[in-house]
Number of protein chains: 4
Amino acid sequence: MNIDDLAARLRAFARERDWEQFHAPKNLVMALAVEAAELMEHFQWLTERQSAELSPAAKEQVAAELADVFIYTVRLADRLGVDLTTAVEAKIHVNAAKYPVEKSRGVAGKCTKPT
Amino acid sequence: MNIDDLAARLRAFARERDWEQFHAPKNLVMALAVEAAELMEHFQWLTERQSAELSPAAKEQVAAELADVFIYTVRLADRLGVDLTTAVEAKIHVNAAKYPVEKSRGVAGKCTKPT
Amino acid sequence: MNIDDLAARLRAFARERDWEQFHAPKNLVMALAVEAAELMEHFQWLTERQSAELSPAAKEQVAAELADVFIYTVRLADRLGVDLTTAVEAKIHVNAAKYPVEKSRGVAGKCTKPT
Amino acid sequence: MNIDDLAARLRAFARERDWEQFHAPKNLVMALAVEAAELMEHFQWLTERQSAELSPAAKEQVAAELADVFIYTVRLADRLGVDLTTAVEAKIHVNAAKYPVEKSRGVAGKCTKPT
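The tally for this structure, following the rule as stated, stands at 10 aromatic pairs over all chains. Taking the centre distance of 6.0 Å and the plane angle of 65° together, the rings of F13 of chain C and W19 of chain C count as edge-to-face. Summarising the burial analysis for this pair, F13 of chain C and W19 of chain C share the class buried. Taking the centre distance of 5.2 Å and the plane angle of 75° together, the rings of Y99 of chain C and W19 of chain D count as edge-to-face.

Between chain D and chain C, which share one sequence, the superposing operator has a rotation angle of 180° and an axial displacement of 0.0 Å; the RMSD is 0.0 Å. Both copies are brought into coincidence by an operation consistent with a two-fold rotation axis. When the interface residues of chain D are mapped onto chain C, 100% of them again fall at the interface, so both copies present the same face.

The subject of this paragraph is the interface of chain B and chain D. Counting residues at the interface gives 18 residues for chain B and 18 residues for chain D. Interface area, chain B with chain D, both sides summed: about 1500 Å², of which 70% is carbon and sulfur. Put simply, chain B and chain D have 0 salt bridges between them. In this assembly, chain B and chain D are joined by 0 residue pairs in polar contact (both at pLDDT 80 or more). Counting residues per element, the side of chain B that touches chain D draws most heavily on helix α2 (residues 25–41) of chain B, at 11 residues. The residue makeup of the side of chain B that touches chain D, split by class, is 11 nonpolar, 3 polar and 4 charged.

Take unusual backbone geometry next. Residue and element names in this part refer to chain A. For D18, which is not glycine, the phi dihedral falls at a positive 55°. Mapped onto the secondary structure, D18 falls in the loop between α1 (3–16) and α2 (25–41). With a relative accessible area of 39%, D18 lands in the partly exposed category.

Chain D puts 70 residues into the contact, and the matching count from chain C is 70 residues. Regarding the contact of chain D and chain C, the summed buried area is about 5700 Å², with carbon and sulfur atoms giving 70% of it. Run the count over chain D and chain C and you get 4 salt bridges. Note that E89 of chain D and R9 of chain C form a salt bridge whose closest N and O atoms lie 2.7 Å from each other. Seen at the junction of chain D and chain C, the total is 22 residue pairs in polar contact (both at pLDDT 80 or more). Elements represented by at least two residues in the side of chain D that touches chain C include exactly α1 (3–16), α2 (25–41), α3 (48–51), α4 (56–80), α5 (84–98) and α6 (101–104) of chain D. Looking at the side of chain D that touches chain C, the element that brings in the most residues is α4 of chain D, giving 16 residues.

What counts, and at which threshold
Residues numbered from 1 in each chain as written. Chains lettered and ligands numbered in written order. Predicted model: local features only at pLDDT ≥ 70, side-chain atom pairs only at ≥ 80, totals over all residues. Heavy atoms only, no water. Phe/Tyr/Trp six-rings, centres within 6.5 Å; stacked < 30°, edge-to-face > 60°. Buried < 20%, exposed > 50% of the residue type's maximum accessible area, 1.4 Å probe, protein only. Least-squares fit on C-alpha atoms with pLDDT ≥ 70 in both. Contact = heavy atoms within 4.5 Å. Buried area = accessible area lost by both parts, 1.4 Å probe. Salt bridge = Lys/Arg side-chain N within 4 Å of Asp/Glu carboxyl O. Polar contact = N/O pair within 3.5 Å; in protein donor to acceptor, adjacent residues only side chain to side chain. Helix = DSSP H or I, 4+ residues; strand = E, 2+ residues; numbered from the N terminus. Nonpolar A, V, L, I, M, F, W, Y, C, P; charged D, E, K, R; others polar.

Structure below.
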């Protein structure tokens, strides 16, 4: 999958439907957060173990929600003029510096520490 | 950016830090939703117009949050064994059928209709 | 509405259905975030102005979602042993100190400043 | 805590700071969803058991986030003209009919069923 190609297809999809009027970044980020929550809803009553052992039917539903999140992320980045490849590389670099292997082993990232 | 390569790098990053114990899909989806909200926070008091005209400094912050969302989406899909390329293509197909151009022109997708 | 009475009713509702096993704070906070997103979905394609002029039908749907958010907030606080009245009073006190009237006039709280 | 009194205090707080211009329902619901996610962030790497055994320090932080969620819920309802007491009573009635005790025992509410 090429991200730039996908962004161009989503842009055309919106333009054909005259949806650009709705696609202000403010609105797209709301839609993205809503899709992330719809994805999350599938997991809220599952144990951690169950969440790693979805049935094929559940996995298919979850895949469709993941796609929604991915699509809105690419659409929003395109609308903002953010290059996702550059941003992701930069963030991985930041994370590697922030969480050095030796000091981070077995310690979850920024979070309320378990009691 | 190759999604499979990125997934492999993120997998290695987690493994090196012994973070796989934290990366149940249930936990990763929570982290994804949190990152989506952190991204959204940048836009909550902006008008739609302002949201499309971010300053370079704001755009840089937003790019970093977008990267977090992207990274967790790829990591979660990898952890679940979901192929994002397939899922995205399937969803675009579904959306094209659900929102035919003629009937969808100027009408926002699933939403409370404006009054 | 008395918050303590409501918390007790929600506790009994869960206990009668043997739902306490699902109501770990981790799970309840996911449910709360999901409900907040379902509420938000009603507003994502509306303009700010439209969001203040909901139709009676939309307002009724939104009221039901607001109730879900309220219910999970009270249930989660009860499950954690947090006294909401005390917490709310403390937060209002903090906010009053953080946003003094003179310096805060017309300036949105913590946010990416409009460009 | 009286909800109507709290709503009136929050209204005055916003008015004194000339914040009503920012408090369109669309913006308030974004802020509410952001606060729900900030609350959730405290729990994302905890096990269900750990989430029920917060340290006093963590509990204090979580209480402050719960207060933010509560405050925005009351503020948004007030801004929309929704009576929370009525909405909550109606929702409890709906839930009691939707989840009869006998059929709901030990079965989580709407969710992807565990596999």
